[in-house]
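Chain by chain, the residues run as shown.
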Amino acid sequence: MPDIIVIGGGPSGTAAATRAAQLGAQVTLIERAELGGNCVNRNCIPLTSLLASIELFRRIGQTEEMGVQVGPAKLNVQGMIARKDRIVQELREGMAGLLPTFGIEVTQGEARLLDPKTVEVDGQRLQATRGIILATGARWAPTPPGIEGILRPDEAIKLEAMPDRILIWGGGAAEIELATLFAGIGSQVTLAVDGAYPLPDEDYEIGQRLQGILQNQGVAVMTDVHLKSATRTDNGLKVSLAGLKGEKQVVADRILWAGRVPMTDALGLEQVGIQLNQGAVVVDDRQQTNVPGIFATGDMTGTPFYSSLATAGGLVAAENAMGRKRYLDRRFVPRYAFSLPEVAAVGLTEDQAADKGMDVEVVNIALNTNSRAMSLGEMEGGVKLVADRKLGKVVGVHIVGHRATELIAEAALGLQLEVLAEDLAWAIRIHPTLSESVVEAARAVMGQALYVPKF
């Protein structure tokens, strides 16, 4: 009889199972399909693998500028697919071999709650002595009426049928990454954003920088529009987009949509009385549902759908299921998009800080002033730092640029530790490195910037 039953074998479920086992629990993990969930099998890993190929292809195009002579480069799409599939397979097999080393029993099948302690798996009943952790992830959202030709990301990244013209509906991280991928492969890409700029929930200057970068890569960006209809014609899909300036028409071969909703169907949640809000399981900061002994974590608890957040939530759920006290502070969750260059942010935007009544200090440091960025030939983008002038406290860091998803790590830790701009400014960095731009931004907050002209 297991102490902990985990339903779902994605990043959140495997993290929860592993942490519970580390704390001494007998754990049974139930997965209906493949270990790794959407992230490993259909989203983060395959997509970033393909984007790595696009990035290398672009870098080869800069070889003459870098003083290197090579022959003409050509994308081998089948080779990209084979590499992507190989990475996914290796990760999936690695997880299957790793979990049993912690004593975790992995069971394949469809799970359903019978009561707060009992789970049915394909007709077999299992009872948890300590708790149940739900981690079933998310699924593709139902296609809205009147929309034909929808392509989902898991189908798109197979690259089996390359559309010459593709409209990507949405302005979130997944849509930005897919727009980057298809533009890199050579498709004519239109990005239809229901907001003022790509990544509309992020800082406006980040969105504006990103929009310019996408347009330079050949992506047609349409903002403040929503998809009204899409119908098949002899010339492809006739897409109607309604916006602030009226209706616009676009012709595309396919429409790519990454919309997702929490996967909570057929789990027996209603039977045990688990509270939902717009389809997502409601949890507190301990990942506890309204039913004692049942925890939920990851995408099934609602947006944002980040694997990193799902992993952290799984760890928190496991510790609390095992009687410890651990809380998930969502204020400092890093946000990101693996565009080329990347986008990463943590903390408050400039507008959010102002709305909280802060005396806001804002600094922008362009990467074209960074000597390492210059030597790498990666000068697009910059660092924006948002601080509370009165307290000298950093409240938000926003980066567009080469390896932004790596640079954001120290900012996320800094905000969690309530770092002051002075702390960042006086922390010594290796020279030359991209991270020096974060230090320079902190110096600028204090009026001590070394590489910003004084007028």
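Attention here is on the structure that accompanies the text. (Residues numbered from 1 in each chain as written. Predicted model: local features only at pLDDT ≥ 70, side-chain atom pairs only at ≥ 80, totals over all residues. Heavy atoms only, no water.)

Quick word on the environment of Leu51
Quick note on the threshold: A run of H or I in DSSP counts as a helix once it spans at least four residues, and a run of E counts as a strand once it spans at least two, with each numbered from the N terminus.
Tracing the backbone through its elements, the reader meets Leu51 in helix 3 (residues 44–60). Spatially, the C-alpha atom of Leu51 lies 8.0 Å from that of Glu177, the residues being 126 residues apart in sequence.

Digging into the environment of Ile185
Tracing the backbone through its elements, the reader meets Ile185 in helix 6 (residues 173–185). Along the backbone, Ile185 and Leu75 are 110 residues apart, and their C-alpha atoms lie at a distance of 7.5 Å.

Some remarks on the nonpolar core
Soluble, globular proteins show a tendency: their nonpolar side chains are buried together. Our working definition: Working definition of a nonpolar core: buried Ala, Val, Leu, Ile, Met, Phe, Trp, Tyr and Cys residues. They are joined through side-chain atoms within 4.5 Å. Exposed residues in this analysis have more than 50% of their type's maximum accessible area, buried residues have under 20%, and partly exposed residues fall in between, with area computed by a 1.4 Å probe over protein chains only. Contact definition: two residues touch when any of their heavy atoms are within 4.5 Å.
Judged by nonpolar contacts, the single largest core of 35 residues is most densely connected at Ile168, Leu181, Phe182, Val189, Leu191, Val219 and Leu256. Counting only elements with at least two residues in this core, the list comes to helix 3, helix 4 (77–98), strand 10 (165–169), helix 6, strand 11 (188–192) and helix 7 (204–216). Considering every element that reaches this core, the biggest residue donor is helix 6, with eight residues. For Leu191, the residues in contact, after removing those within four places along its chain, are Ile168, Gly170, Glu175, Ile176, Ala179, Pro198, Leu214, Val219, Ala220, Val221 and Met222.

Quick notes on the pairing of strand 22 (residues 342–347)
Just so we agree on the cut-off: A pair of strands is treated as paired once DSSP finds two or more bridges between them.
Among the six residues in strand 22, six count as buried, and that is most of the element. In textbook terms, the turn of a hairpin is the stretch between consecutive antiparallel strands, and for strand 21 (residues 335–337) and strand 22 this stretch comprises four residues. Looking at chain direction, strand 22 and strand 25 (residues 393–401) are connected through six bridges and run antiparallel. Among the inter-strand pairings, Val346 is bridged to a residue of strand 25, identified as Val397.

Focus on a nonpolar patch on the surface
Rule in force here: Nonpolar side chains (Val, Leu, Ile, Met, Phe, Trp, Tyr) are joined into patches within 5 Å and like charges within 9 Å, using only residues with over 30% relative accessible area and no salt bridge. To be clear on the numbers: accessible area is Shrake-Rupley with a 1.4 Å probe, and residue cover counts the displayed protein chains and nothing else. Salt bridge, as applied in this entry: a Lys or Arg side-chain nitrogen positioned within 4 Å of an Asp or Glu carboxyl oxygen.
Nonpolar side chains collect at one region of the surface, where Met66, Val68 and Val70 lie side by side and expose about 250 Å² of accessible area between them. With respect to the helices and strands, the residue Val70 is situated in the loop between helix 3 and helix 4. With a relative accessible area of 49%, Val70 lands in the partly exposed category.

Focus: the packing of helix 3 against helix 6
Stated formally: Between N-to-C directions, angles span 0 to 180 degrees; the directions come from axes that are lines fitted to C-alpha atoms, helices contributing only their stretch in contact. An angle below 35 degrees is read as roughly parallel, one above 145 as roughly antiparallel, one from 65 to 115 as roughly perpendicular, and any other as oblique. By convention, the crossing between two helices is left-handed when the near helix turns anticlockwise from the far helix through less than a right angle, and right-handed when the turn is clockwise.
One can describe the packing of helix 3 onto helix 6 by two numbers: an axis separation of 10 Å at closest approach and a directional angle of 45°. Relative to helix 6, the element helix 3 is oriented oblique. For the pair helix 3 and helix 6, the sense of crossing is left-handed. Contacts between helix 3 and helix 6 involve Leu47, Leu50, Leu51, Ile54 and Arg58 from the first element and Glu177, Leu178, Thr180, Leu181, Gly184 and Ile185 from the second.

Here we look at the pairing of strand 1 (residues 4–7)
Looking along a regular strand, one sees side chains alternate from face to face of the sheet. What counts, and what does not: Orienting the strands away from the viewer, one traces the path from the first strand over the helix to the second; a clockwise path indicates a right-handed crossover.
Burial along strand 1 is two-sided: the residues Ile4 and Val6 and Ile5 and Ile7 are all buried. In terms of strand pairing, strand 1 meets strand 2 (residues 27–31) through four bridges, oriented parallel. Bridge assignment links Ile5 to a residue of strand 2, and that residue is Thr28. For the crossover that starts at strand 1, traverses helix 1 (residues 11–22) and ends in the parallel strand 2, the hand is right-handed.

Examining the packing of aromatic side chains
For clarity, the threshold we go by: Working definition: rings of Phe, Tyr and Trp (its six-membered ring) pair if their centres are within 6.5 Å, and the pair is stacked with planes under 30 degrees apart, edge-to-face with planes over 60 apart, and tilted otherwise.
Counted under the stated rule, the structure contains three aromatic pairs. With a centroid separation of 5.7 Å and an interplanar angle of 65°, the aromatic rings of Tyr336 and Phe338 are classed as edge-to-face. The class of Phe338 is partly exposed, set by a relative accessible area of 26%. An aromatic cluster of at least three residues, connected via ring pairs, comprises Tyr306, Tyr336 and Phe338.

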